[in-house]
Amino acid sequence: MSRNDWKAATKLVHGGTTRSSHGETSEALYLTQGFVYDSAESAEARFAGDEPGFVYSRYANPTVAMFEQRMCDMEGAEACLATASGMGAVSAALLCQVQAGDHVVAARALFGSCRYVVEKLMPQFGVASTLVDGKDIEAWKAAIRPETKVLFLESPTNPTLELVDIAAVAQLANEIGATLVVDNVFATPLLQKPLDLGAHVVVYSATKHIDGQGRCLGGAILSSADWIDENLYDYFRHTGPSLSPFNAWVLLKGLETLPLRVRQQTSNAEALAEHLVQHRRVSRLLYPGHPSHPQAILAKQQMQGGSTLIAFELEGGKDAAFAFENALDLVRISNNLGDAKSLITHPATTTHKNLTQEDRDALGISSGLVRLSVGLEDVDDLLSDIDQALAHL
Ligand SMILES: *Cc1c(COP(=O)(O)O)cnc(C)c1O
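On a predicted model such as this, the values are computed, not experimentally measured, just so you know.

K.L.:
So what about the packing of aromatic side chains? Which residues, and what values?
P.N.:
If you walk through the whole model with that rule in mind, you get 4 aromatic pairs. Geometrically, the ring pair formed by Tyr56 and Tyr59 is edge-to-face, given 6.1 Å between the ring centres and 85° between the ring planes. A centroid spacing of 6.4 Å and a plane angle of 40° characterise the contact between Phe246 and Trp249, whose relative ring orientation is tilted. Taken as a pair, Phe246 and Trp249 lie in helix H10 (residues 245–277) at a separation of 3 residues, close to a single helical turn.

K.L.:
How would you summarise the packing of helix H4 (residues 86–95) against helix H5 (residues 112–124) if you had to cite specific residues and measurements?
P.N.:
Contact geometry of H4 with H5 gives a least axis separation of 10 Å together with a crossing angle of 35°. Crossing angle aside, the handedness with which H4 passes H5 is right-handed. Two secondary-structure elements touch here, H4 through Met87, Val90, Ser91, Leu94 and Leu95 and H5 through Ser113, Cys114, Val117, Val118, Leu121 and Met122. Residues of the contact of H4 with H5, tallied by class, amount to 9 nonpolar, 2 polar and no charged.

K.L.:
With reference to specific residues and values, describe the nonpolar core.
P.N.:
Counting 29 residues, the largest nonpolar core has Leu94, Phe152, Val181, Ile221 and Leu232 as the members making the most contacts within it. Within the residue set of this core, elements represented by two or more residues are strand E1 (79–83), H4, strand E2 (103–107), H5, strand E4 (148–154), strand E6 (201–205) and helix H9 (225–239). Other than its neighbours up to four places away in sequence, Val181 contacts Ala93, Leu94, Gln97, Val150, Leu151, Phe152, Leu153, Val201 and Val203. If you look at the next biggest cluster of nonpolar residues, it comprises 28 residues, including Leu190, Tyr204, Leu255 and Leu258.

K.L.:
Give a description of the site of the ligand that names residues and reports values.
P.N.:
Neighbouring residues of the ligand: 13 residues in total, closest Gly86, Asp183, Ser205, Thr207 and Lys208. The contact in question runs from an oxygen atom of the ligand to an N or O atom on the backbone of Gly86, over 2.8 Å. The protein chains hide 91% of the 380 Å² of surface that the ligand would expose on its own. Placement of the ligand is best described as lying within the largest pocket. In the shell around the ligand, the residues fall into 5 nonpolar, 5 polar and 3 charged.

Analysis parameters
Residues numbered from 1 in each chain as written. Predicted model: local features only at pLDDT ≥ 70, side-chain atom pairs only at ≥ 80, totals over all residues. Heavy atoms only, no water. Phe/Tyr/Trp six-rings, centres within 6.5 Å; stacked < 30°, edge-to-face > 60°. Helix = DSSP H or I, 4+ residues; strand = E, 2+ residues; numbered from the N terminus. Axes fitted to C-alpha atoms, helices over the stretch in contact; angles between N-to-C directions. Left-handed = near helix turned anticlockwise from the far one by under 90°. Contact = heavy atoms within 4.5 Å. Nonpolar A, V, L, I, M, F, W, Y, C, P; charged D, E, K, R; others polar. Core = buried A, V, L, I, M, F, W, Y, C linked by side-chain atoms within 4.5 Å. Buried < 20%, exposed > 50% of the residue type's maximum accessible area, 1.4 Å probe, protein only. Near = heavy atom within 4 Å. Polar contact = N/O pair within 3.5 Å; in protein donor to acceptor, adjacent residues only side chain to side chain. Areas by Shrake-Rupley, 256 points an atom, 1.4 Å probe, with all protein chains shown as cover. 1 Å grid on protein atoms, 1.4 Å probe; cavity = no way out; pocket = protein on both sides within 12 Å on 5 of 7 lines; lining within 4 Å. Sits in = over half its atoms within 2 Å of the grid points.

Here's what the structure looks like:
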């Protein structure tokens, strides 16, 4: 059996592992900036690329390489470069492939910092951008210009858990010769496979489910070997968004338990969604795995599960949302997500506070909306905590 035939859980435990002469069980942590050479000739050959081996940890490091290979095995990608954070991954994946005069189309519902990169940063360097309603394929088509080079989206979106039809946008990208970059953080590598749906590049914040235990930041960019070589490799080596070996080691350990965690967190989220949808204090529930989701059919087509996140709206706006959050005992207030600990946030005053009111309205981020990242606690304890907090309203 070749390692390509391994199932996901097996790849996430064994993929990418290389052992030193000590034969350690757990992946070794190579906490080193550089490498020494046996001779001046060897250094020359490594720099020329004639001899395999590491040169400098900004370019590549053995522990980071294990993480990158395990991510490739999981995603079914040829190549991966790991980054210091999710934003390191997003900004590198977008900036490495554009130049002044190019144009980018992105779905409007983006993680706040991604929106900054597309809306503010790229135009500063002469790269124009258009934001569209990601749900509407006609809006994508209408935004295309002859100089459109990159399409960018996340699905499900933060925080309203809307979906974008990845296969349809990928087809459009192919028709115009553009690159589709998908931020797959909310879906996780287990619940959605953007490359299989036709995307060209996938990016992750490994800070979220991949660590999943609130410890460190990290990110990853995955694509074909050709795309990485042609677009990203030099940019990456010379701008330095590299992942630290220590964080790579933590994230390798995170990947080993990713399927167990995502499966349990999704199952907890499903149970909470089922409960919240019929609660009289909840005016709107948004959960891709529930039949009430406006895109439930698309969710079934492109996702293998309903997500570990739930968004819902409480009647009574900000006051009700704050009262609810403050009454929670087990669920903690935090803007992180994908963690073993259940976390709740009020997007309008935290993650999405920098948007204008008009933008928030366009995205459906009302003052009563809360986003719940469902953790690994016993689901009965989560249900009772949420119920006692709703009873405060
Ligand atoms: C968190 C997040 C990012 C950024 O990741 P960091 O690791 O915080 O830099 C990008 N996209 C999405 C969808 C995220 O949730």
